[in-house]
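Secondary and tertiary structure notes
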Amino acid sequence: MREQGRGYRLFTRRRVLQGAGLVALSGATTGAYATGIEPFRQIVTRYAIRPNPAAPWPAGLSLRIAVLTDIHACDPWMSLERIAGIVDATNALGADLVVLVGDFMVGQRYVTRVIPAAEWAPVLGRLAAPLGVYAVLGNHDWWEDPEALRRGGGPTAAGTALMRNGIRLLSNEVVPLATKAGPVWLAGLEDQLALLPPARRHGHKRVGLDDLPATLAAVPDGAPMILLAHEPDIFAQVPARVALTLSGHTHGGQIRLFGWSPVVPSRYPRRFVYGHVREASDLVISGGLGLSIAPIRFGVPPEIVVVELGADATV
């Protein structure tokens, strides 16, 4: 179902707390659940997707992809112990491929300790899959890195830490995955909001570092392809030749009431919110694992996403 939104609506403290107020109105018990229980839950959400006919995909090939996003490492909400548990749970899923779709760095002030990349990256470095572990950066991986913002480019602390711990970082880059049916190309887009904070302070529009045309052009014509992009908004420009786009960023709104999210950080706040979206091709938006702006989740528990992608999958 497609519904175009207007304007780019970031998570702001005021907006999220307004959403939290809606939860609080339903009673103190619900509010306590949204701050003390649901943020610490963990579920596995599964999707089975058959690529659209316009997307080249090898006959008989099925890939199991585990997706982690929006970890936002910090105490007490996303401790090293909790990240280790997420890693163990992901490794137990038997995925062919593990992808991390950005926002490793803290994204809020309500913390007892910011966990530096040098501590959380070695834990994530224990992730393993036959086709490898790959990552892209998210907006907070840039916004929480003053030196990278000052330079207007990488390397970032998050990206460097990931690479040092055996996780391949893709920044407008592609890599062929050696499947039993031949190469499937994995493309990773740089963040679409990377340089937003300094741009806003100077009254200019947002500045992303993404380059979708150049990234897709690096994939051979007619080759099967999967795209990683932290923010799902780029999906409006993704051609049908891309079998699947995997994103995070929205946290599913972080507060979701009867399938409706009052605040969605997207230019398309009713179109790209959460879950499986089928348009020209297919998009899966994970609700993520951590917290941004305010320490509250309601109706969208932290999740590890597993996508079964292949001709035999049942949509």
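Just so we're clear, the structure is a prediction, and the values are computed from it rather than from any experiment.

**A word on the overall build of the protein chain**
Along its length, the protein chain carries 9 helices and 14 strands. A total of 315 residues make up the protein chain; the buried ones form 58% of that total. Surface summary for the protein chain: the accessible area is close to 12600 Å², and the carbon and sulfur share equals 56%.

**Focus: the sheet that holds strand β7 (residues 168–169)**
Reading across from one edge, β1-β14-β2-β4-β6-β7 is the order of the 6 strands in this open sheet, with mixed pairing throughout. Of all the strands in the sheet, the pair left with one neighbour each is β1 (43–49) and β7. Direction of pairing for strand β2 (residues 62–68) relative to strand β14 (residues 303–310): antiparallel, over a ladder of 6 bridges. The partner of Ala66 across the bridge, within β14, is Val306.

**Points about the side chain of His230**
Within the fold, His230 resides in the loop between β10 (225–228) and β11 (244–247). Within polar-contact distance, the side chain of His230 engages the backbone oxygen of Val101 at 2.7 Å.

**Remarks on the packing of helix α4 (residues 117–124) against helix α7 (residues 157–164)**
For the pair α4 and α7, interaxial distance at closest approach is 8 Å and the crossing angle is 40 degrees. In this structure, the crossing between α4 and α7 has a hand that is right-handed. Within the contact between the two elements, α4 uses Ala117, Trp120, Ala121 and Leu124 and α7 uses Ala157, Ala158, Ala161 and Leu162. Of the residues assigned to the contact of α4 with α7, the class counts are 8 nonpolar, no polar and no charged.

**Quick word on α4**
Within α4 the residues assigned to the buried category are Ala117, Trp120, Ala121, Val123 and Leu124. Seen from one end, α4 has its buried residues packed into an arc of 160 degrees, which puts them on one side. Residues of α4 that are buried make contact with α3 (80–91), β4 (97–101) and α7.

**A few points about the sheet that holds β10**
In a beta sheet, neighbouring strands pair by backbone hydrogen bonds and run either parallel or antiparallel. Strand order in the open sheet made by the 6 strands is β8-β9-β10-β11-β13-β12, with mixed pairing throughout. Looking along the sheet, the strands with just one partner apiece sit at the ends: β8 (173–179) and β12 (275–278). Each adjacent strand pair in this sheet contributes to an overall mean axis angle of 20 degrees, direction not counted.

**Details of the nonpolar core**
Among the nonpolar cores identified, the biggest contains 39 residues, and Ile83, Leu100, Phe104, Trp120, Leu124, Leu127 and Leu162 are the most heavily contacted of them. Tallying contributions element by element places α4 first for this core, with 5 residues. For Leu127, the residues in contact, after removing those within four places along its chain, are Leu68, Val87, Thr90, Asn91, Val98, Leu100 and Val133. By size, the runner-up hydrophobic cluster in this structure holds 28 residues, among which are Val99, Val175, Leu244 and Val284.

**Observations regarding the pairing of β4**
Along β4, 5 of the 5 residues are buried, which leaves the element largely enclosed by surrounding structure. The two faces of β4 match: Leu97, Val99 and Val101 on one face and Val98 and Leu100 on the other face are all buried. Alignment of β4 against strand β6 (residues 133–136), held across 4 bridges, turns out to be parallel. Residue Leu100 lies in a different strand from β6, and its bridge partner there is Ala135.

**Comments concerning unusual backbone geometry**
Across the junction of Asp75 and Pro76, the peptide omega takes the value 0 degrees, indicating a cis bond. Considering the arrangement of structural elements, one finds Pro76 in the loop between β3 (74–75) and α3. Geometrically, the link from Gly154 to Pro155 is a cis peptide bond, its omega value of 5 degrees lying close to zero. Structurally, the position occupied by Pro155 is in the loop between α6 (146–151) and α7. One non-glycine residue, Asn172, lies in positive phi territory at about 55 degrees. Locating Asn172 in the fold gives a position in the loop between β7 and β8.

Calculation rules
- Residues numbered from 1 in each chain as written.
- Predicted model: local features only at pLDDT ≥ 70, side-chain atom pairs only at ≥ 80, totals over all residues.
- Heavy atoms only, no water.
- Helix = DSSP H or I, 4+ residues; strand = E, 2+ residues; numbered from the N terminus.
- Buried < 20%, exposed > 50% of the residue type's maximum accessible area, 1.4 Å probe, protein only.
- Areas by Shrake-Rupley, 256 points an atom, 1.4 Å probe, with all protein chains shown as cover.
- Pairing = 2+ DSSP bridges.
- Polar contact = N/O pair within 3.5 Å; in protein donor to acceptor, adjacent residues only side chain to side chain.
- Axes fitted to C-alpha atoms, helices over the stretch in contact; angles between N-to-C directions.
- Left-handed = near helix turned anticlockwise from the far one by under 90°.
- Contact = heavy atoms within 4.5 Å.
- Nonpolar A, V, L, I, M, F, W, Y, C, P; charged D, E, K, R; others polar.
- Arc of directions from axis to C-beta.
- Core = buried A, V, L, I, M, F, W, Y, C linked by side-chain atoms within 4.5 Å.

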